[in-house]
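Notes for the structure review
One-letter residues, chain by chain:
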There are 2 protein chains.
Amino acid sequence: MGPGQWPADCHWPGDVTRDGHNPKVNDPIRPTESHAECFADLVRWRRDVRRFKTDAVPETTIDQLLALADLSPSVGNSQPWRVVRVKSADARAAIRKNFETANAAASNIYTDPQQRSDYLALKLAGFDAAPEHIAILSDHDSDQGQGLGRQTMPEMLDYSCVSFVTTLWYAARAQGLGMGWVSILDPNAAKSLLSVPENWHLIAYLLIGYAQEHHLDPELERHGWQPRTPRTTRTLDR
Amino acid sequence: MGPGQWPADCHWPGDVTRDGHNPKVNDPIRPTESHAECFADLVRWRRDVRRFKTDAVPETTIDQLLALADLSPSVGNSQPWRVVRVKSADARAAIRKNFETANAAASNIYTDPQQRSDYLALKLAGFDAAPEHIAILSDHDSDQGQGLGRQTMPEMLDYSCVSFVTTLWYAARAQGLGMGWVSILDPNAAKSLLSVPENWHLIAYLLIGYAQEHHLDPELERHGWQPRTPRTTRTLDR
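Summarised in this report is the structure supplied together with it. In this text the structure is predicted, and so the values were computed from the model without any measurement.

The rules behind these values
Residues numbered from 1 in each chain as written. Chains lettered and ligands numbered in written order. Predicted model: local features only at pLDDT ≥ 70, side-chain atom pairs only at ≥ 80, totals over all residues. Heavy atoms only, no water. Least-squares fit on C-alpha atoms with pLDDT ≥ 70 in both. Contact = heavy atoms within 4.5 Å. Pairing = 2+ DSSP bridges. Helix = DSSP H or I, 4+ residues; strand = E, 2+ residues; numbered from the N terminus. Axes fitted to C-alpha atoms, helices over the stretch in contact; angles between N-to-C directions. Salt bridge = Lys/Arg side-chain N within 4 Å of Asp/Glu carboxyl O. Buried < 20%, exposed > 50% of the residue type's maximum accessible area, 1.4 Å probe, protein only.

**Here we look at the relation of the copies chain B and chain A**
Mapping between the two chain copies consists of a rotation about an axis together with a translation along that axis. It takes a turn of 180° to lay chain B on chain A, together with a shift of 0.0 Å along the axis; the resulting RMSD is 0.0 Å. On the angle and the small slide along the axis, the relation comes out as a two-fold axis. A symmetric contact is evident, with 100% of the interface residues of chain B recurring at the interface of chain A.

Here is the structure:
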């Protein structure tokens, strides 16, 4: 693929832009007020969704979301993300059991009975209804990028995969979809269930579908677990 | 802050929406085709920028970018990101030296003389001109979130900070700004230079400013170091 050309598998509503030309060839970069407004909407609208409708998501939509996320930043242009679409009912059931075990163990860190009871009352994942299960893994064996940018911070490979997940999240919201990131899992046991190479490292287990409810405030705030707090910013000026 | 209210420090062009109401109160979530198109533009336009103009960025713009990024996903609503605006000339010089040392060491992994020479010819950071230096650190000591979602994957705190960086990147592009993520640093030495608490962990050192050039293709692809490759997606269906 030469400079200025576009990956053949990237199809998206933006493929033909509002002024009618095709961004697969080199295209001027012209952010407008709409870009800022629309992105701000998506950031405000994004939620960690745990209450899904069971309605199927069109396969073309999932393909578009993944193709767009494939343009996320990656250290040394390494694209270390590996995507596993989990469609097997057995694998889904095993992952859900992994979550339930990890969640029960996590509840035991709360020695205060009220806090433990509050924790157990939270709905922390949408396994009951989400139609799409997608695991994102970080390939620690890939030579892509020739090691650039990750000699002193090898975690940059995993961080690149997190950027992929974040891009996917906003892209999903732009399509009217919700996403939830399940991190209450034994990651190595989960990885084994996915039958992936030894050096693919689990970054995220994602549930995707249409949300049952829409909220501007985080679920954990709404249910009294954790409000937002003011941002901490320091200035180093001498 | 009650449910459905908006953080007081979040000001953004979207604060008054196109249909004239204020999203600080609970607002319907109505993604349109524009949201998908505009976000796809931002993802395609995002670059790791290393060639900046020296023009100053308005302080209100930086504040808006950080306020929006503060709405990024975080495990357990923990908001573990800590922001350090690096304005000190001495600190900037010391960070730049850290980069130069790490970069020289990184070049020595390339035993092939041509590959090493290609590496050294790449411009990998915009310290010479970028007007804004912002470090993002992950606070491993914070109790915010009460540990939720990170018992089996404690790296979720750092991953939340990466989501903050990714959001900031797209937000910057929407404002016509470029950002570069410098990862060729000794992160512990860099952290010491920033005079932060022991348990703040360096996630990213970011350079921000107006880009000298605009490209749809990654710099590392354009300069022949690493092209994009097709995405790897597997389906687990039994």
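**Re the sheet that holds strand 3 (residues 178-182) of chain A**
Pairing is mixed across the open sheet formed by five strands, whose spatial order is 3(A)-4(A)-2(A)-1(A)-5(B). The open sheet has two edge strands with one neighbour each: strand 3 of chain A together with strand 5 (232-236) of chain B. Each strand axis lies, on average, 25° off the axis of its neighbour in the sheet, ignoring direction. Relative to strand 4 (residues 200-209) of chain A, strand 2 (residues 132-139) of chain A runs antiparallel, the two sharing eight bridges. Counted as the bridge partner of Ala135(A) is Tyr205(A) from strand 4 of chain A.

**Looking at the pattern of salt bridges**
Residues and elements named next belong to chain A. Inspection of every chain in the model, using the stated rule, returns 22 salt bridges over all chains. In this structure, Arg 85 engages Glu 132 in a salt bridge whose closest nitrogen and oxygen atoms are separated by 3.1 Å. Here Glu 132 lies in strand 2 and Arg 85 lies in strand 1 (residues 81-86), a separation of 47 residues in the sequence. For Glu 132, a relative accessible area of 9% corresponds to the buried category. Several salt bridges share partner residues, and in doing so they unite Arg 51, Asp 217, Glu 219 and Arg 222 into one network.

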